[in-house]
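Take a look at the letters that make up each chain.
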Amino acid sequence: MKPEEIAAMSEDEKSWTLEELEATMLPSHAGNKEGRDVIFSWLAKYQEAKASGQNAINGTVGSLLEDNGELAVNPMVSKTLREQADLEMSAYAPLPGLPHFRTMVQELSMGDGLPVIQKHGIHMDAVITPGGTGALYMSARNLLSPGDALLLRDLHWGPYNTIAKECDINTATWPLYGEESQVDEAALTSMIAQLMNDQDNVLSWLNDPAHNPTGMTLTYSSRARVLSIFAKAAKDNPDKGVTLFIDGAYAAYSDDHHGWGHTLAEFAKECIWPGNLLICFGFSASKSHTLYGQRCGALVMLHPNRAFVDKLVEVMLHTGRGTWSGAARLPQATLHSIHSDVDKYVGWLSERDRLQQMLNERRTLFNARCEKEGVPILPSHDGYFAFLPHDTPVQVAQAAAARGLYVVPLNGGIRIGLCSIPTYNADRAAGILAEAWRMSA
Ligand SMILES: Cc1ncc(COP(=O)(O)O)c(C=O)c1O
(Lines give C-alpha, C1' and ligand atoms only; values in the text may rest on other atoms or scores of the structure.)
Protein backbone atom coordinates (compact mmCIF):
# COMPACT_ATOMS: atom_id res chain seq x y z
CA MET A 1 0.00 0.00 0.00
CA LYS A 2 1.35 3.42 -0.97
CA PRO A 3 2.06 5.95 1.81
CA GLU A 4 -0.50 8.34 0.35
CA GLU A 5 -3.11 5.56 0.58
CA ILE A 6 -2.27 4.91 4.23
CA ALA A 7 -2.47 8.63 4.96
CA ALA A 8 -5.87 8.80 3.32
CA MET A 9 -7.04 5.82 5.34
CA SER A 10 -6.03 7.22 8.72
CA GLU A 11 -7.71 10.50 7.77
CA ASP A 12 -10.83 8.50 7.11
CA GLU A 13 -10.53 6.82 10.50
CA LYS A 14 -10.30 10.17 12.22
CA SER A 15 -13.60 11.18 10.67
CA TRP A 16 -15.57 8.40 12.41
CA THR A 17 -18.07 9.75 14.88
CA LEU A 18 -18.47 8.01 18.24
CA GLU A 19 -22.00 6.98 17.24
CA GLU A 20 -20.68 5.39 14.04
CA LEU A 21 -17.94 3.60 15.92
CA GLU A 22 -20.33 2.26 18.53
CA ALA A 23 -22.81 1.10 15.90
CA THR A 24 -20.09 -0.59 13.84
CA MET A 25 -17.88 -2.02 16.54
CA LEU A 26 -20.26 -2.98 19.34
CA PRO A 27 -23.09 -5.51 19.04
CA SER A 28 -26.22 -4.02 20.58
CA HIS A 29 -26.02 -6.05 23.80
CA ALA A 30 -22.60 -4.49 24.46
CA GLY A 31 -23.44 -1.01 23.19
CA ASN A 32 -26.22 -0.74 25.76
CA LYS A 33 -23.85 -1.06 28.71
CA GLU A 34 -23.01 1.95 30.81
CA GLY A 35 -20.24 1.87 33.37
CA ARG A 36 -19.98 5.31 34.91
CA ASP A 37 -20.78 5.12 38.54
CA VAL A 38 -22.94 7.74 40.26
CA ILE A 39 -20.89 7.22 43.44
CA PHE A 40 -17.67 8.31 41.76
CA SER A 41 -19.27 11.37 40.21
CA TRP A 42 -20.45 12.57 43.66
CA LEU A 43 -17.06 11.78 45.14
CA ALA A 44 -15.54 14.00 42.43
CA LYS A 45 -17.91 16.83 43.46
CA TYR A 46 -16.74 16.44 47.07
CA GLN A 47 -13.09 16.51 46.00
CA GLU A 48 -13.63 19.67 43.95
CA ALA A 49 -15.37 21.36 46.88
CA LYS A 50 -12.61 20.34 49.26
CA ALA A 51 -9.92 21.56 46.84
CA SER A 52 -11.69 24.92 46.56
CA GLY A 53 -11.53 25.35 50.34
CA GLN A 54 -15.10 24.39 51.34
CA ASN A 55 -15.47 22.78 54.79
CA ALA A 56 -16.92 19.76 53.03
CA ILE A 57 -17.97 16.38 54.48
CA ASN A 58 -17.43 13.26 52.44
CA GLY A 59 -20.36 10.86 52.74
CA THR A 60 -19.93 9.38 49.28
CA VAL A 61 -17.49 6.50 49.32
CA GLY A 62 -18.10 2.88 50.27
CA SER A 63 -14.76 2.29 52.01
CA LEU A 64 -14.09 2.86 55.68
CA LEU A 65 -12.07 6.03 56.23
CA GLU A 66 -10.36 7.13 59.42
CA ASP A 67 -11.45 10.44 60.93
CA ASN A 68 -8.50 12.09 59.14
CA GLY A 69 -9.92 11.02 55.78
CA GLU A 70 -7.34 8.30 55.08
CA LEU A 71 -8.37 4.76 54.16
CA ALA A 72 -8.61 2.60 57.29
CA VAL A 73 -6.10 -0.23 56.88
CA ASN A 74 -5.82 -3.04 59.40
CA PRO A 75 -2.04 -2.98 60.09
CA MET A 76 -1.92 -6.66 61.06
CA VAL A 77 -3.28 -7.53 57.64
CA SER A 78 -0.80 -5.41 55.67
CA LYS A 79 2.09 -6.60 57.85
CA THR A 80 1.16 -10.26 57.37
CA LEU A 81 0.68 -9.72 53.65
CA ARG A 82 4.21 -8.34 53.35
CA GLU A 83 5.64 -11.28 55.29
CA GLN A 84 4.35 -13.90 52.87
CA ALA A 85 6.86 -16.09 51.04
CA ASP A 86 7.67 -15.36 47.40
CA LEU A 87 5.81 -18.51 46.43
CA GLU A 88 2.55 -17.13 47.85
CA MET A 89 3.01 -13.96 45.82
CA SER A 90 3.95 -15.59 42.54
CA ALA A 91 2.39 -19.01 42.25
CA TYR A 92 -1.06 -19.78 41.02
CA ALA A 93 -3.48 -20.94 43.67
CA PRO A 94 -5.37 -24.18 42.99
CA LEU A 95 -8.54 -23.17 41.15
CA PRO A 96 -10.90 -23.89 44.09
CA GLY A 97 -8.51 -22.04 46.42
CA LEU A 98 -5.80 -23.07 48.88
CA PRO A 99 -7.20 -26.10 50.79
CA HIS A 100 -6.51 -24.56 54.21
CA PHE A 101 -8.14 -21.29 53.10
CA ARG A 102 -11.23 -23.15 51.93
CA THR A 103 -11.61 -24.78 55.32
CA MET A 104 -10.88 -21.58 57.22
CA VAL A 105 -13.33 -19.43 55.27
CA GLN A 106 -16.17 -21.71 56.38
CA GLU A 107 -15.27 -20.92 59.99
CA LEU A 108 -14.99 -17.21 59.21
CA SER A 109 -18.47 -17.31 57.66
CA MET A 110 -20.35 -19.49 60.15
CA GLY A 111 -18.43 -18.98 63.42
CA ASP A 112 -19.53 -21.27 66.26
CA GLY A 113 -22.43 -22.45 64.14
CA LEU A 114 -20.10 -24.43 61.87
CA PRO A 115 -19.55 -27.56 64.00
CA VAL A 116 -23.25 -27.68 64.89
CA ILE A 117 -24.27 -27.45 61.25
CA GLN A 118 -21.80 -30.18 60.28
CA LYS A 119 -22.77 -32.40 63.20
CA HIS A 120 -26.34 -32.39 61.96
CA GLY A 121 -25.45 -33.79 58.56
CA ILE A 122 -25.16 -30.61 56.52
CA HIS A 123 -22.17 -30.59 54.19
CA MET A 124 -20.29 -27.50 53.34
CA ASP A 125 -17.60 -26.46 50.90
CA ALA A 126 -16.13 -23.21 49.67
CA VAL A 127 -14.47 -21.97 46.52
CA ILE A 128 -12.28 -18.90 46.36
CA THR A 129 -13.64 -16.02 44.31
CA PRO A 130 -12.35 -12.56 43.38
CA GLY A 131 -14.23 -10.74 46.14
CA GLY A 132 -17.76 -11.39 47.27
CA THR A 133 -18.77 -10.15 43.82
CA GLY A 134 -17.28 -13.28 42.27
CA ALA A 135 -19.42 -15.46 44.54
CA LEU A 136 -22.56 -13.56 43.55
CA TYR A 137 -21.64 -13.94 39.89
CA MET A 138 -21.06 -17.70 40.19
CA SER A 139 -24.50 -18.15 41.75
CA ALA A 140 -26.26 -16.03 39.14
CA ARG A 141 -24.58 -17.94 36.33
CA ASN A 142 -25.43 -21.38 37.62
CA LEU A 143 -28.50 -21.34 39.83
CA LEU A 144 -30.83 -19.64 37.36
CA SER A 145 -31.42 -19.94 33.62
CA PRO A 146 -31.01 -16.97 31.27
CA GLY A 147 -34.24 -14.96 31.28
CA ASP A 148 -35.16 -16.01 34.86
CA ALA A 149 -35.62 -13.37 37.54
CA LEU A 150 -33.32 -13.07 40.54
CA LEU A 151 -35.10 -12.16 43.78
CA LEU A 152 -33.74 -9.10 45.61
CA ARG A 153 -34.99 -6.73 48.28
CA ASP A 154 -36.30 -3.52 46.70
CA LEU A 155 -33.35 -1.56 48.07
CA HIS A 156 -30.08 -3.20 47.16
CA TRP A 157 -26.47 -2.67 46.15
CA GLY A 158 -26.50 -1.24 42.59
CA PRO A 159 -24.00 -3.73 41.10
CA TYR A 160 -26.51 -6.54 41.77
CA ASN A 161 -28.28 -5.25 38.65
CA THR A 162 -25.04 -5.15 36.69
CA ILE A 163 -24.21 -8.75 37.58
CA ALA A 164 -27.75 -9.84 36.68
CA LYS A 165 -27.47 -8.09 33.33
CA GLU A 166 -24.11 -9.73 32.60
CA CYS A 167 -25.76 -13.09 33.28
CA ASP A 168 -28.81 -12.35 31.12
CA ILE A 169 -31.17 -12.54 34.05
CA ASN A 170 -33.87 -10.15 35.23
CA THR A 171 -34.68 -9.05 38.76
CA ALA A 172 -37.77 -9.20 40.95
CA THR A 173 -38.04 -7.56 44.37
CA TRP A 174 -39.71 -7.81 47.75
CA PRO A 175 -39.86 -4.93 50.25
CA LEU A 176 -36.85 -4.24 52.45
CA TYR A 177 -38.93 -4.29 55.60
CA GLY A 178 -42.49 -4.87 56.80
CA GLU A 179 -44.80 -2.96 59.10
CA GLU A 180 -44.62 -4.87 62.36
CA SER A 181 -41.66 -7.15 62.03
CA GLN A 182 -38.50 -6.51 60.06
CA VAL A 183 -39.69 -8.84 57.35
CA ASP A 184 -42.68 -8.48 55.05
CA GLU A 185 -43.44 -12.19 55.23
CA ALA A 186 -46.54 -12.07 53.05
CA ALA A 187 -44.74 -10.20 50.26
CA LEU A 188 -41.77 -12.57 50.36
CA THR A 189 -43.98 -15.67 50.31
CA SER A 190 -46.07 -14.39 47.45
CA MET A 191 -43.07 -13.26 45.41
CA ILE A 192 -41.42 -16.67 45.72
CA ALA A 193 -44.71 -18.32 44.68
CA GLN A 194 -44.98 -16.00 41.70
CA LEU A 195 -41.44 -16.77 40.58
CA MET A 196 -42.12 -20.49 40.92
CA ASN A 197 -44.99 -20.12 38.47
CA ASP A 198 -42.66 -18.72 35.84
CA GLN A 199 -39.36 -20.52 36.32
CA ASP A 200 -37.81 -23.77 37.59
CA ASN A 201 -35.34 -22.20 39.95
CA VAL A 202 -35.52 -19.45 42.54
CA LEU A 203 -32.37 -17.63 43.63
CA SER A 204 -32.50 -14.82 46.15
CA TRP A 205 -29.65 -12.56 47.26
CA LEU A 206 -30.09 -11.25 50.78
CA ASN A 207 -27.52 -8.73 51.96
CA ASP A 208 -27.52 -9.18 55.71
CA PRO A 209 -26.29 -8.22 58.28
CA ALA A 210 -25.49 -4.51 57.89
CA HIS A 211 -27.32 -4.06 54.61
CA ASN A 212 -25.97 -1.75 51.92
CA PRO A 213 -27.36 0.93 51.53
CA THR A 214 -29.34 1.22 54.81
CA GLY A 215 -27.30 -0.42 57.59
CA MET A 216 -30.33 -2.53 58.49
CA THR A 217 -29.70 -5.90 60.17
CA LEU A 218 -32.25 -8.67 60.63
CA THR A 219 -32.84 -9.89 64.18
CA TYR A 220 -32.43 -13.51 65.21
CA SER A 221 -36.15 -14.20 64.82
CA SER A 222 -36.36 -12.37 61.47
CA ARG A 223 -33.50 -14.47 60.10
CA ALA A 224 -35.28 -17.61 61.22
CA ARG A 225 -38.53 -16.44 59.62
CA VAL A 226 -36.87 -15.68 56.29
CA LEU A 227 -35.14 -19.05 56.28
CA SER A 228 -38.33 -20.90 57.12
CA ILE A 229 -40.19 -19.14 54.30
CA PHE A 230 -37.58 -20.32 51.77
CA ALA A 231 -37.53 -23.81 53.30
CA LYS A 232 -41.32 -24.11 53.18
CA ALA A 233 -41.43 -22.91 49.59
CA ALA A 234 -38.86 -25.58 48.71
CA LYS A 235 -40.66 -28.31 50.65
CA ASP A 236 -44.04 -27.48 49.06
CA ASN A 237 -42.53 -27.41 45.56
CA PRO A 238 -40.19 -30.39 45.24
CA ASP A 239 -39.89 -29.89 41.48
CA LYS A 240 -38.29 -26.43 41.95
CA GLY A 241 -34.75 -25.58 43.01
CA VAL A 242 -34.55 -22.93 45.75
CA THR A 243 -31.39 -21.08 46.75
CA LEU A 244 -31.05 -18.45 49.45
CA PHE A 245 -27.74 -16.63 49.04
CA ILE A 246 -26.73 -14.62 52.09
CA ASP A 247 -24.42 -11.81 51.09
CA GLY A 248 -22.33 -11.29 54.22
CA ALA A 249 -20.04 -8.59 52.82
CA TYR A 250 -20.39 -6.43 55.97
CA ALA A 251 -20.80 -9.17 58.61
CA ALA A 252 -17.51 -8.28 60.31
CA TYR A 253 -18.93 -4.88 61.32
CA SER A 254 -22.23 -6.13 62.61
CA ASP A 255 -23.03 -6.74 66.28
CA ASP A 256 -23.68 -10.41 65.63
CA HIS A 257 -20.86 -11.33 63.25
CA HIS A 258 -21.99 -14.91 62.82
CA GLY A 259 -25.75 -14.49 63.19
CA TRP A 260 -26.48 -16.54 60.09
CA GLY A 261 -24.19 -19.31 61.35
CA HIS A 262 -26.32 -19.54 64.50
CA THR A 263 -29.58 -19.41 62.56
CA LEU A 264 -28.41 -22.13 60.17
CA ALA A 265 -27.20 -24.25 63.09
CA GLU A 266 -30.68 -24.09 64.67
CA PHE A 267 -32.22 -24.94 61.33
CA ALA A 268 -29.87 -27.90 60.79
CA LYS A 269 -30.73 -29.21 64.28
CA GLU A 270 -34.39 -29.40 63.35
CA CYS A 271 -33.56 -31.89 60.54
CA ILE A 272 -36.05 -30.31 58.15
CA TRP A 273 -33.68 -29.35 55.34
CA PRO A 274 -35.41 -30.12 52.03
CA GLY A 275 -33.15 -31.59 49.33
CA ASN A 276 -34.17 -28.84 46.91
CA LEU A 277 -32.94 -26.08 49.24
CA LEU A 278 -29.41 -24.76 48.86
CA ILE A 279 -27.91 -22.13 51.13
CA CYS A 280 -24.98 -20.06 49.92
CA PHE A 281 -22.97 -17.53 51.91
CA GLY A 282 -20.91 -14.88 50.14
CA PHE A 283 -17.73 -14.14 52.11
CA SER A 284 -15.72 -11.00 51.37
CA ALA A 285 -12.34 -9.97 52.79
CA SER A 286 -12.71 -6.47 51.30
CA LYS A 287 -14.14 -4.87 54.43
CA SER A 288 -13.40 -7.39 57.19
CA HIS A 289 -9.68 -7.45 56.40
CA THR A 290 -9.45 -4.05 54.66
CA LEU A 291 -8.29 -5.87 51.53
CA TYR A 292 -10.64 -4.23 49.03
CA GLY A 293 -8.15 -4.24 46.17
CA GLN A 294 -6.80 -7.76 46.69
CA ARG A 295 -10.09 -9.20 45.47
CA CYS A 296 -10.52 -11.98 47.99
CA GLY A 297 -13.85 -13.66 48.69
CA ALA A 298 -15.48 -17.06 48.70
CA LEU A 299 -18.66 -18.83 47.82
CA VAL A 300 -19.63 -21.08 50.74
CA MET A 301 -22.29 -23.68 49.95
CA LEU A 302 -24.38 -25.74 52.39
CA HIS A 303 -26.49 -28.79 51.54
CA PRO A 304 -27.37 -32.18 53.09
CA ASN A 305 -25.94 -34.20 50.17
CA ARG A 306 -22.11 -34.39 49.98
CA ALA A 307 -22.03 -35.59 46.36
CA PHE A 308 -24.19 -32.65 45.34
CA VAL A 309 -21.90 -30.18 47.12
CA ASP A 310 -18.96 -31.71 45.22
CA LYS A 311 -20.86 -31.29 41.97
CA LEU A 312 -21.61 -27.66 42.83
CA VAL A 313 -17.92 -27.00 43.40
CA GLU A 314 -17.17 -28.37 39.93
CA VAL A 315 -19.91 -26.30 38.31
CA MET A 316 -18.79 -23.09 40.02
CA LEU A 317 -15.16 -23.72 39.14
CA HIS A 318 -16.08 -24.04 35.50
CA THR A 319 -17.61 -20.56 35.67
CA GLY A 320 -14.54 -19.19 37.45
CA ARG A 321 -12.19 -20.77 34.93
CA GLY A 322 -14.18 -19.38 32.02
CA THR A 323 -14.51 -15.88 33.48
CA TRP A 324 -11.50 -14.82 35.59
CA SER A 325 -9.52 -18.07 35.56
CA GLY A 326 -8.19 -18.35 39.11
CA ALA A 327 -8.30 -15.95 42.07
CA ALA A 328 -5.30 -14.36 43.78
CA ARG A 329 -3.23 -16.57 46.08
CA LEU A 330 -1.58 -13.89 48.25
CA PRO A 331 -4.68 -12.76 50.18
CA GLN A 332 -5.73 -16.37 50.80
CA ALA A 333 -2.31 -17.14 52.29
CA THR A 334 -2.44 -13.90 54.29
CA LEU A 335 -5.84 -14.62 55.83
CA HIS A 336 -4.78 -18.13 56.67
CA SER A 337 -1.60 -16.87 58.41
CA ILE A 338 -3.65 -14.42 60.48
CA HIS A 339 -6.31 -16.85 61.55
CA SER A 340 -3.94 -19.68 62.42
CA ASP A 341 -1.67 -17.65 64.70
CA VAL A 342 -3.05 -16.42 68.01
CA ASP A 343 -1.00 -13.22 68.18
CA LYS A 344 -1.80 -12.25 64.63
CA TYR A 345 -5.45 -13.08 65.14
CA VAL A 346 -5.68 -10.96 68.30
CA GLY A 347 -3.94 -8.08 66.49
CA TRP A 348 -6.39 -8.28 63.61
CA LEU A 349 -9.37 -8.59 65.93
CA SER A 350 -8.52 -5.64 68.14
CA GLU A 351 -8.15 -3.40 65.08
CA ARG A 352 -11.36 -4.75 63.56
CA ASP A 353 -13.12 -3.98 66.86
CA ARG A 354 -11.69 -0.48 66.93
CA LEU A 355 -13.02 0.16 63.44
CA GLN A 356 -16.40 -1.26 64.38
CA GLN A 357 -16.56 1.01 67.43
CA MET A 358 -15.70 3.98 65.24
CA LEU A 359 -18.60 3.10 62.93
CA ASN A 360 -20.92 2.61 65.91
CA GLU A 361 -20.00 5.99 67.33
CA ARG A 362 -20.65 7.73 64.02
CA ARG A 363 -23.99 5.95 63.64
CA THR A 364 -25.12 6.77 67.18
CA LEU A 365 -24.42 10.48 66.63
CA PHE A 366 -25.98 10.47 63.16
CA ASN A 367 -29.11 8.53 64.11
CA ALA A 368 -29.67 10.64 67.25
CA ARG A 369 -29.56 13.90 65.31
CA CYS A 370 -31.80 12.50 62.55
CA GLU A 371 -34.29 11.46 65.20
CA LYS A 372 -34.15 14.88 66.86
CA GLU A 373 -34.71 16.62 63.52
CA GLY A 374 -37.43 14.18 62.44
CA VAL A 375 -35.51 12.97 59.39
CA PRO A 376 -37.14 9.66 58.37
CA ILE A 377 -34.05 7.56 57.64
CA LEU A 378 -34.64 3.82 57.25
CA PRO A 379 -33.78 1.44 60.12
CA SER A 380 -29.99 1.57 60.43
CA HIS A 381 -28.24 -0.73 62.87
CA ASP A 382 -24.69 -1.32 61.78
CA GLY A 383 -22.22 -1.44 58.91
CA TYR A 384 -21.17 1.32 56.55
CA PHE A 385 -24.33 3.17 55.51
CA ALA A 386 -27.59 4.95 56.28
CA PHE A 387 -30.38 5.74 53.83
CA LEU A 388 -32.99 8.46 53.52
CA PRO A 389 -35.85 7.55 51.18
CA HIS A 390 -36.90 10.38 48.90
CA ASP A 391 -38.70 10.92 45.58
CA THR A 392 -36.26 13.56 44.37
CA PRO A 393 -32.92 12.36 45.70
CA VAL A 394 -30.79 14.45 43.35
CA GLN A 395 -32.47 17.61 44.62
CA VAL A 396 -31.76 16.63 48.25
CA ALA A 397 -28.16 15.69 47.43
CA GLN A 398 -27.66 19.04 45.70
CA ALA A 399 -29.16 20.96 48.61
CA ALA A 400 -26.90 19.03 51.00
CA ALA A 401 -23.83 19.65 48.82
CA ALA A 402 -24.57 23.39 48.80
CA ARG A 403 -24.27 23.21 52.61
CA GLY A 404 -21.13 21.09 52.60
CA LEU A 405 -22.38 17.48 52.84
CA TYR A 406 -21.71 15.18 49.89
CA VAL A 407 -23.88 12.05 49.70
CA VAL A 408 -25.04 9.77 46.89
CA PRO A 409 -28.49 10.08 45.28
CA LEU A 410 -29.69 6.62 44.29
CA ASN A 411 -33.02 5.32 43.00
CA GLY A 412 -35.52 6.09 45.75
CA GLY A 413 -33.32 8.05 48.12
CA ILE A 414 -29.96 9.16 49.43
CA ARG A 415 -27.14 6.89 50.60
CA ILE A 416 -25.10 8.36 53.42
CA GLY A 417 -21.69 6.74 53.79
CA LEU A 418 -21.11 6.81 57.54
CA CYS A 419 -17.98 4.86 56.73
CA SER A 420 -16.42 7.96 55.20
CA ILE A 421 -17.79 10.70 57.48
CA PRO A 422 -15.39 11.66 60.31
CA THR A 423 -16.86 11.03 63.76
CA TYR A 424 -16.55 14.70 64.68
CA ASN A 425 -18.74 15.56 61.67
CA ALA A 426 -21.43 12.87 62.09
CA ASP A 427 -23.81 15.16 63.99
CA ARG A 428 -23.18 18.09 61.62
CA ALA A 429 -23.77 15.81 58.62
CA ALA A 430 -27.20 14.81 59.97
CA GLY A 431 -27.99 18.48 60.63
CA ILE A 432 -27.19 19.41 57.04
CA LEU A 433 -29.18 16.44 55.75
CA ALA A 434 -32.14 17.61 57.83
CA GLU A 435 -32.01 21.10 56.29
CA ALA A 436 -31.67 19.70 52.76
CA TRP A 437 -34.54 17.30 53.38
CA ARG A 438 -36.80 20.07 54.76
CA MET A 439 -36.05 22.26 51.75
CA SER A 440 -36.95 19.42 49.37
CA ALA A 441 -40.03 18.21 51.27
C1 LIG B 1 -23.74 -5.49 49.34
C2 LIG B 1 -22.39 -5.86 48.84
N3 LIG B 1 -22.17 -7.12 48.49
C4 LIG B 1 -20.99 -7.52 48.03
C5 LIG B 1 -19.94 -6.64 47.91
C6 LIG B 1 -18.70 -7.23 47.37
O7 LIG B 1 -17.52 -6.66 47.56
P8 LIG B 1 -16.19 -7.35 47.09
O9 LIG B 1 -16.41 -7.91 45.73
O10 LIG B 1 -15.20 -6.25 47.11
O11 LIG B 1 -15.89 -8.44 48.07
C12 LIG B 1 -20.12 -5.29 48.26
C13 LIG B 1 -19.06 -4.29 48.11
O14 LIG B 1 -19.22 -3.11 48.24
C15 LIG B 1 -21.39 -4.90 48.74
O16 LIG B 1 -21.64 -3.63 49.09
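Predicted model only: the values in this text are computed from it and were never measured. (Residues numbered from 1 in each chain as written. Predicted model: local features only at pLDDT ≥ 70, side-chain atom pairs only at ≥ 80, totals over all residues. Heavy atoms only, no water.)

Observations regarding the overall build of the protein chain
Next up, step 1: When its secondary structure is counted, the protein chain shows 19 helices and twelve strands.
Next up, step 2: A globule of 441 residues ought to have a C-alpha radius of gyration of about 22 Å, and the protein chain, at 23 Å, matches this closely.
Next up, step 3: In terms of overall dimensions, the protein chain has a C-alpha envelope of 75 × 65 × 55 Å along the principal axes.
Next up, step 4: Considering the protein chain as a whole, with its 441 residues, one finds that 53% of them fall into the buried category.
Next up, step 5: Intrachain contacts of the protein chain at a sequence separation of at least 6 include 76% that bridge at least 24 residues.
Next up, step 6: Taken as a whole, the protein chain presents about 19900 Å² of accessible surface, with 53% of it coming from carbon and sulfur. (Helix = DSSP H or I, 4+ residues; strand = E, 2+ residues; numbered from the N terminus. Rg over C-alpha atoms; globule rule 2.2 N^0.38 Å. Buried < 20%, exposed > 50% of the residue type's maximum accessible area, 1.4 Å probe, protein only. Contact = heavy atoms within 4.5 Å. Areas by Shrake-Rupley, 256 points an atom, 1.4 Å probe, with all protein chains shown as cover.)

Brief notes about the pattern of salt bridges
Next up, step 1: This model, assessed by the stated rule, comprises 21 salt bridges.
Next up, step 2: Arginine 369 is the salt-bridge partner of glutamate 373, the closest N and O atoms lying 2.8 Å from each other. Of this pair, glutamate 373 and arginine 369 both sit in helix 17 (residues 342-373), four residues apart, roughly one helical turn.
Next up, step 3: Classification of glutamate 373 by relative accessible area gives partly exposed; the value is 22%.
Next up, step 4: One network of salt bridges, with partners in common, ties together Lys79, Glu83, Asp341 and Lys344. (Salt bridge = Lys/Arg side-chain N within 4 Å of Asp/Glu carboxyl O.)

Details of the site of the ligand
Next up, step 1: By nearness alone, 13 residues border the ligand, and Thr133, Asp247, Ser284, Ser286 and Lys287 come closest of all.
Next up, step 2: In the environment of the ligand, a nitrogen atom lies 2.6 Å from a nitrogen or oxygen atom belonging to the side chain of aspartate 247.
Next up, step 3: In the model, an oxygen atom of the ligand is placed 2.7 Å from a nitrogen or oxygen of the arginine 295 side chain.
Next up, step 4: Of all elements in the fold, only helix 9 (131-142) and helix 14 (285-288) reach the threshold of two or more residues within the shell around the ligand.
Next up, step 5: Per element, the largest residue contribution to the shell around the ligand is three residues, and it comes from helix 9. (Near = heavy atom within 4 Å. Polar contact = N/O pair within 3.5 Å; in protein donor to acceptor, adjacent residues only side chain to side chain.)

Some thoughts on the state of the cysteines
Note: disulfide means a covalent bond formed between the sulfur atoms of two cysteine side chains.
Next up, step 1: Tallied over the entire structure, the rule returns zero disulfides.
Next up, step 2: Here cysteine 280 is not cross-linked by a disulfide; its sulfur's nearest cysteine counterpart is in cysteine 167, at 14 Å.
Next up, step 3: Residue classification places cysteine 280 among the buried residues on the basis of a relative accessible area of 0%. (Disulfide = S-S within 2.5 Å.)

Some details on the side chain of serine 109
Next up, step 1: Relative to the elements of secondary structure, serine 109 occurs in helix 7 (residues 99-110).
Next up, step 2: Ignoring any residue separated from it by four or fewer positions in sequence, one finds serine 109 in contact with His258, Phe281, Phe283 and Val300.

Focus on unusual backbone geometry
Next up, step 1: Residue proline 209 is reached from aspartate 208 by a cis peptide bond, and omega for that bond is -5°.
Next up, step 2: Relative to the assigned elements, proline 209 resides in the loop between strand 5 (201-207) and helix 12 (220-236).
Next up, step 3: Look at the link from asparagine 212 to proline 213: it is a cis peptide, with omega at 20°.
Next up, step 4: In the Ramachandran plot, aspartate 168 falls in the positive-phi region, its phi being about 60° despite a non-glycine side chain.

Points about the sheet that holds strand 11 (residues 408-410)
Next up, step 1: Across the sheet, which stays open at both edges, the three strands sit in the order 9-12-11 with antiparallel pairing between neighbours. Bordering the open sheet on either side are strand 9 (385-389) and strand 11, each of which pairs with just one other strand. Here the strands of the sheet are splayed against their neighbours by 30° on average, with no regard to which way each runs.
Next up, step 2: Packed on one face of the sheet, helix 4 (residues 38-51) meets strand 11 and strand 12 (413-417) and runs near 150° to strand 11. (Pairing = 2+ DSSP bridges. Axes fitted to C-alpha atoms, helices over the stretch in contact; angles between N-to-C directions.)

Focus: the packing of helix 9 against helix 15 (residues 306-323)
Next up, step 1: At their nearest, the axes of helix 9 and helix 15 sit 10 Å apart, and the two run at 110° to each other. For the element pair helix 9 / helix 15, the angle class is roughly perpendicular. For the pair helix 9 and helix 15, the crossing hand works out as right-handed. From helix 9, Tyr137, Met138, Arg141 and Asn142 reach across to helix 15, where they touch Val315, Met316, Thr319, Gly320 and Thr323.
Next up, step 2: When the residues that make up the contact of helix 9 with helix 15 are grouped by side-chain class, the tally is four nonpolar, four polar and one charged. (Parallel < 35°, antiparallel > 145°, perpendicular 65-115°, else oblique. Left-handed = near helix turned anticlockwise from the far one by under 90°. Nonpolar A, V, L, I, M, F, W, Y, C, P; charged D, E, K, R; others polar.)

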